[in-house]
Structure formats: structure tokens, C-alpha cells
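Results of the structural survey
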Amino acid sequence: MKLSFAERMFVNSPIRGLSLRFVEPRIFDNLAPFPRGAHVLDLGCGNGTGLVALARNHAPASLTGIDEDPAQIALARTRLEKSGVTARLIEANAEKITLPAHTYDVITCTGCLHHVPKWKSALAEVARLLRHGGLLYMFEIYPPLTAFISLFAAHPKNSFTHKSLVEELPRHGLTILGQRNLFNLAGFVVARRTGNSNLYD
Ligand SMILES: C[S@@+](CC[C@H](N)C(=O)[O-])C[C@H]1O[C@@H](n2cnc3c(N)ncnc32)[C@H](O)[C@@H]1O
């Protein structure tokens, strides 16, 4: 789902950038150390701030960013060029990604999944794209925060809670390694691709 004007202003603001660069990496690392030299996909990469932070913090073997919004992809391309960071950028819907299975060691997904109407399909895609043993790092916001933001920005009505998210992940062969639920408003989850995903193994 495309970003509204207000949300676009927020996600492209310095405040969001500071959090992506300095706050979220530390929380993720505390939940499960982020591997160096990995093939990394940032799903819903937005303006590329997360991609640059990933490059600086974790020396990935390769970096890919996916976003369905061409305007955000264009911002990401400019940011990567200015930062001297190499990444493949793909305009695609998280619900159906035409990349081969078992391509990535790590997938990051911050603030994207609550925009996706078929969020369970997006999780199935994450499971399909991860190598066995690969890691998923997620940051998400939940109702009532999404309900509040919906007053001025469109979001799917079928958004999930922290509980329903952590219950859904194992159904896709994603075993939770660590999680932080921030008062049911937002949360961090790290999961490992372990068991079978019914759809894709
Ligand atoms: C709130 S922004 C978060 C951007 C960045 N990851 C961050 O943490 O600041 C959500 C991003 O997900 C993208 N997005 C929304 N729905 C999507 C979908 N179905 N497939 C791919 N990207 C999507 C939006 O275009 C936007 O760039």
C-alpha cells in the first residue's frame, strides 16, 4: 500500500533516519547478533537509509532493497549513490516477489508489513526467500498505533497485533529467537528459518 503524504514526510525525516541508523540496529543485535558478510534483503526498504546502515554496520556480501513505491526506490537510488553503497533495488510487491527461493541469509523488514493487505502472504515470501538457518529481523507497529495513524494515512484494516504476528511466524517455518513487545504499540522480532514452510518447501 502506497505511503500517504504525511507518512512519506515521517519516514523520510531525520528522526526516522536516526532510529534506523542508531536505535534499531542495537535492539536487533541484542535480540540475536546480526551476522557479517551475509546476503541481505531489506523488504520495504523505503528511501534506502536502512540499506546504508546495513552496509556500514555489517559488511554484507550483497545487499538488495525491495519496495513497491517507485518514488521511494528513486530516493534510495540517490542515497546509495551519494553514500557509495552498492545495492540491487527492485520495485516489487512484498506479497509476490519474483526472486528464486533460498536466496538470502538475512531479511530485514521494518515498518513495512502493516502496509501489506495480504501480510501472511508476505511472510510466506520471506520464508521462501530465506536460506534454511537464515534470519528475519522485523520492527512493526500495531493497533492502536496503526489505527491512530489511519486517521491521516491509509493502512490495511486487517493489520496484526504483536501476539498474532508471533503466532503466525512459526506457521511459515520461522522460529522466534527473540522479541520485544513495546506496550502492544510496536515490537521487534527476530526469527530463524528452521522448520518447513507448508507452502514453499
Ligand atoms: C513506513 S515505510 C518504512 C520504510 C523503512 N523500512 C523504514 O523503516 O523507515 C513502509 C515502506 O514499505 C513500502 N511498502 C508498503 N507496502 C508494500 C508492499 N506491499 N510491498 C513492498 N513494499 C511496500 C512503502 O512503499 C514504504 O517505503
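In short, a report on the structure.

Rules of the game
Residues numbered from 1 in each chain as written. Predicted model: local features only at pLDDT ≥ 70, side-chain atom pairs only at ≥ 80, totals over all residues. Helix = DSSP H or I, 4+ residues; strand = E, 2+ residues; numbered from the N terminus. Buried ≥ 20, exposed ≤ 12 C-beta atoms within 10 Å, placed from the backbone. Contact = placed C-beta atoms within 7 Å. Pairing = 2+ DSSP bridges. Axes fitted to C-alpha atoms, helices over the stretch in contact; angles between N-to-C directions. Parallel < 35°, antiparallel > 145°, perpendicular 65-115°, else oblique. Left-handed = near helix turned anticlockwise from the far one by under 90°. Nonpolar A, V, L, I, M, F, W, Y, C, P; charged D, E, K, R; others polar. Right-handed = clockwise from strand over helix to strand, strands pointing away. Near = placed C-beta within 6 Å. Core = buried A, V, L, I, M, F, W, Y, C linked by C-beta atoms within 7 Å.

1. Concerning the overall build of the protein
Counting its regular elements, the protein contains seven helices and seven strands. Ordered by position from the N terminus, the helices and strands of the protein form the series α-α-β-α-β-α-β-β-α-β-α-α-β-β. Summarising its shape, the C-alpha atoms of the protein cover approximately 40 × 40 × 30 Å along the three principal directions. Across the 201 residues that make up the protein, the buried fraction comes to 41%. When contacts within the protein are restricted to residue pairs at least 6 apart in sequence, those whose partners lie at least 24 apart make up 66%.

2. Comments concerning the sheet that holds strand E2 (residues 62-67)
As a general point, the strands of a sheet are linked pairwise by backbone hydrogen bonds and lie either parallel or antiparallel. Taken in spatial order, the seven strands of this open sheet run E3-E2-E1-E4-E5-E7-E6, and their pairing is mixed. The sheet is open, and its two borders are formed by strand E3 (88-91) and strand E6 (174-182), each paired with just one other strand. On average, each strand axis in the sheet is tilted by 15 degrees relative to the strand beside it, whichever way the strands run. As paired strands, strand E4 (residues 104-110) and strand E5 (residues 130-141) are joined by six bridges and run parallel to one another. By the bridge assignment, valine 106 is partnered in E5 with leucine 135. Where helix H2 (residues 14-31) meets the sheet, its contacts fall on E4, E5, E6 and strand E7 (186-193), and the angle it forms with E7 comes to roughly 50 degrees.

3. Section: the environment of proline 33
Here proline 33 shows up in the loop between H2 and strand E1 (39-43). Each C-alpha atom, one on proline 33 and one on valine 190, is 9.9 Å from the other, the two residues being 157 residues apart in sequence.

4. Brief notes about the packing of H2 against helix H3 (residues 49-58)
Two elements in contact, H2 and H3, have axes whose closest approach is 9 Å; the angle formed by their N-to-C orientations is 40 degrees. With respect to H3, the axis of H2 lies oblique. Helix-helix and strand crossings are classified by hand; for H2 and H3 the assignment is right-handed. Each of Gly17, Leu20, Arg21 and Pro25 in H2 lies in contact with H3, whose residues at this interface are Thr49, Gly50, Ala53 and Asn57. In terms of residue class, the contact of H2 with H3 is made up of three nonpolar, four polar and one charged.

5. Things to note about the environment of glycine 134
You can see glycine 134 is positioned in strand E5. A count of 25 C-beta atoms within 10 Å places glycine 134 in the buried class. Once the C-alpha coordinates of glycine 134 and arginine 193 are considered, the two residues, 59 residues apart in sequence, prove to be 5.3 Å apart. When sequence neighbours within four positions are dropped, the list of residues in contact with glycine 134 reads Tyr104, Asp105, Val106 and Arg193.

6. A look at the pairing of E3
One ladder, built from four bridges, connects E2 with E3; its direction is parallel. Directly across from isoleucine 66, in E3, lies its bridge partner isoleucine 90. Handedness of the crossover is the feature at issue here: the chain leaves E2, passes through helix H4 (residues 70-83), returns alongside E3, and the resulting connection is right-handed.

7. Things to note about the site of the ligand
Around the ligand sit 22 residues, and of these Gly44, Gly46, Asp69, Ala94 and His115 come closest. Counting only elements with at least two residues in the shell around the ligand, the list comes to H2 and E2. Residue composition of the shell around the ligand, by class: nine nonpolar, eight polar and five charged.

8. With respect to the nonpolar core
With 50 residues, the main nonpolar core has Leu43, Leu51, Ile107, Cys109, Val126, Leu136 and Met138 as its most contacted residues. With sequence-adjacent residues up to four places away left out, methionine 138 is seen in contact with Cys109, Leu113, Phe188 and Val189.

9. Quick look at helix H5 (residues 119-129)
Each α-helix turn comprises 3.6 residues. Residues three or four places apart therefore point the same way. Extensive coverage of H5 is indicated by the burial of nine of its 11 residues. Within H5, the full set of buried residues consists of Trp119, Ala122, Leu123, Ala124, Glu125, Val126, Ala127, Arg128 and Leu129.

10. With respect to H3
What H3 keeps buried is the set Thr49, Gly50, Leu51, Val52, Ala53 and Leu54. Positioned one or two residues after H3, alanine 59 has a phi angle of 40 degrees, which is positive.

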